[in-house]
Amino acid sequence: MMHKAVKRYFSCLFGIGLSLILSLCTATVHGQVVTDESISKAWLREHLQPQTPRLIFDIETEQLLAEKLTTDAHIQQIYQHIKAYADYCLQLPPLTYQKRGRRLLSVSREALQRMLALAMTYRMEQQPEYLHRLEAELLTVAHFPDWNPSHFLDAAEMATAVGLALDWCGKDMAPDILKASKNALLEKAIKPGIGITWENWWWVSEHNWNLVCHGGLAIAALAIFEEEPDLASYTLNRTVERFPLGLLPYQPDGAYNEGPGYWFYATNYLTLTISAFESAVGTGFDFLEVPGVARSAEFSEMTAGPSGDYYNYFDASTKGYHNFQHIGLLSWFGQRGGFRPPKEALEQAIADIPPPEQQSKGRFSTLYLLNLLRLSEDAPEIKREPVWLAQGDAPLVVFAPRQPDGLYLAAKGGSANDNHANMDAGSFILEWKRTRFAIDLGNQDYYELERTIGVDALWNRAQNSPRWDLLTKNNFGLKSACSHKPSKRKRVVSPSK
């Protein structure tokens, strides 16, 4: 039984928190124009770095990495993990065009992981086997019938893989492979991405699809500007115009209104795209200055309880806090915000990197390594505040303990119409002594749900949609528990009504 004093403390905190949440639920946040610069061919010819590599891992960054590999034990350890994965790739069979339901996404993500590891390792080791395998990977995906533009996330992530690989190592590639790969970027990503079709609804989306799709096409356009200046400049100009719509979920205070899980996905492409623009054209177009974007690093810290599990609302997992992905993203924000990830967390994240054959979710590891290169040794560690409040479409309040065994409470507002929302406005989690007493059942695999009730039914938010028959999507999915590992509870689909 919980102690009476703790119960009273919880009741007081919850009452205050819920009052704050409900008072913020009707707040409306409007977008803003970040830049009035026209990204024309003339502008790009004036500002675009003429030499490749120019996307993030440029020559200056390569030199800094080479230096750090002789002086920084953490950088050495991370690089060895990347090299080990590149060595593992040498033994893998080629990728195949194999969709899972309506998605090719897992193939695109594996291509990104393979290509960036091979490209970085080749740059640092100058061993031809890495380049030859990278060329083989590029040629394989270039010969795919398409990159599945009907689910454009798939095409965007493949475009990111191919675009960065060509930029990082294109100078040393066989001319026919370079030509085929650039043509694939044009025909399988850029042209489908600018076509006026229903499938390109994401052009004006206000969630993670915006950042992933526009960001992936920006990488493709920067990689082929010299060959296709008209289409590339059009694509880049549209990215700069539409990208701010994808920043709306961060506003105004950083509580990403698709939840902590989709914060990781969107923010990977936010940081990747800004970094690519900074290195290629000398500006990030002030995207980081949009209210809430920089503060979202705090959001990623505050929404995990002392147990280490996330508040897994809006299709989020409980996992990910202070893993290598989180440390890598915190490092990107830390470079620009004057803080560092906790040293102990960094060391643990490196120690927890799995062996190559188990690295199924490390596609941005090379970028996280680069993020760590420029962190200031004197910067303070990011801090957890005792109270964190954020307004927005899905407002959030967090009461965090000063001591790890204290009481942690997080509660949220929102709407069932928010992207990935699950009728959970007013939900909360509670931890005490690092034990979670109230939990969200969490997400279920989209593919399995689509097979069960149909694609249209799952993503239909109408009042009478079958979506709301699913226990994890309706307002009955919050359960009381007393478990140190709540994320391993069985996830249940309720029968149809």
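Residues numbered from 1 in each chain as written. Predicted model: local features only at pLDDT ≥ 70, side-chain atom pairs only at ≥ 80, totals over all residues. Heavy atoms only, no water.

1. Here's the deal with the confidence of the model for the protein chain
Alright, step 1. Confidence in the prediction for the protein chain averages 88 pLDDT; 88% of positions are at 70 or higher.
Alright, step 2. Taken as a whole, residues 18-34 scores under 50 in pLDDT and shows 34 contacts with residues more than four places along the chain or in a different chain.
Alright, step 3. Overall, residues 480-497 carries pLDDT values under 50, and its contacts beyond four positions in sequence, including any with other chains, amount to 38 contacts. (pLDDT = per-residue confidence, 0-100. Contact = heavy atoms within 4.5 Å.)

2. Regarding the nonpolar core
Most often, soluble globular proteins keep nonpolar side chains buried together rather than apart.
Alright, step 1. The biggest cluster of nonpolar side chains holds 141 residues, and the ones touching the most others in it are Met120 and Trp147.
Alright, step 2. By size, the runner-up hydrophobic cluster in this structure holds 6 residues, among which are Phe399, Leu409, Ala411 and Ala438. (Core = buried A, V, L, I, M, F, W, Y, C linked by side-chain atoms within 4.5 Å. Buried < 20%, exposed > 50% of the residue type's maximum accessible area, 1.4 Å probe, protein only.)

3. Concerning the pairing of strand β4 (residues 428-432)
Moving residue by residue along a regular strand, the side chains alternate between the two faces of the sheet.
Alright, step 1. With 5 of 5 residues buried, β4 is to be regarded as a mostly interior element.
Alright, step 2. Both faces of β4 are covered, namely the face carrying Phe428, Leu430 and Trp432 and the face carrying Ile429 and Glu431.
Alright, step 3. As paired strands, β4 and strand β5 (residues 435-440) are joined by 3 bridges and run antiparallel to one another. What sits directly across from Trp432, in β5, is Thr435.
Alright, step 4. Counted along the chain from β4 to the antiparallel partner β5, the turn is 2 residues long, and its residue Lys433 has a positive phi close to 55°. (Helix = DSSP H or I, 4+ residues; strand = E, 2+ residues; numbered from the N terminus. Pairing = 2+ DSSP bridges.)

4. Considering the side chain of Glu258
Alright, step 1. Counting through the fold element by element, Glu258 comes out in the loop between α10 (229-242) and α11 (259-281).
Alright, step 2. Buried charge without a salt bridge: Glu258, with Arg461 as the nearest opposite-charge side chain at an N-O distance of 7.6 Å.
Alright, step 3. Looking at Glu258, its side chain comes within polar contact range of the side chain of Asn208, at 2.7 Å.
Alright, step 4. Here the side chain of Glu258 touches Tyr256 through a polar contact of 2.6 Å, side chain to side chain.
Alright, step 5. In this structure Glu258 touches His207, Asn208, Phe314, Asn419 and His420, once residues within four positions along its chain are discounted. (Lys, Arg positive; Asp, Glu negative; His and termini not counted. Salt bridge = Lys/Arg side-chain N within 4 Å of Asp/Glu carboxyl O. Polar contact = N/O pair within 3.5 Å; in protein donor to acceptor, adjacent residues only side chain to side chain.)

5. Quick look at the packing of aromatic side chains
Alright, step 1. Here the structure, examined in full by the defined rule, presents 23 aromatic pairs.
Alright, step 2. When the ring of Tyr313 is compared with that of Phe314, the centres are 5.3 Å apart and the planes differ by 75°; the resulting orientation is edge-to-face. Neither residue differs from the other here; Tyr313 and Phe314 are each classed as buried.
Alright, step 3. Taking the centre distance of 6.4 Å and the plane angle of 55° together, the rings of Phe364 and Tyr368 count as tilted. An identical accessibility class is assigned to Phe364 and Tyr368; each is buried.
Alright, step 4. The structure contains a cluster of three or more aromatic residues connected by ring pairs, namely Trp263, Phe264, Tyr310, Tyr321, Trp332 and Phe333.
Alright, step 5. In this structure, Arg336 is placed above the aromatic ring of Trp332, and the distance from its NZ or CZ to the ring centre is 3.8 Å. (Phe/Tyr/Trp six-rings, centres within 6.5 Å; stacked < 30°, edge-to-face > 60°. Lys NZ or Arg CZ within 6 Å of the ring centre and 35° of its normal.)

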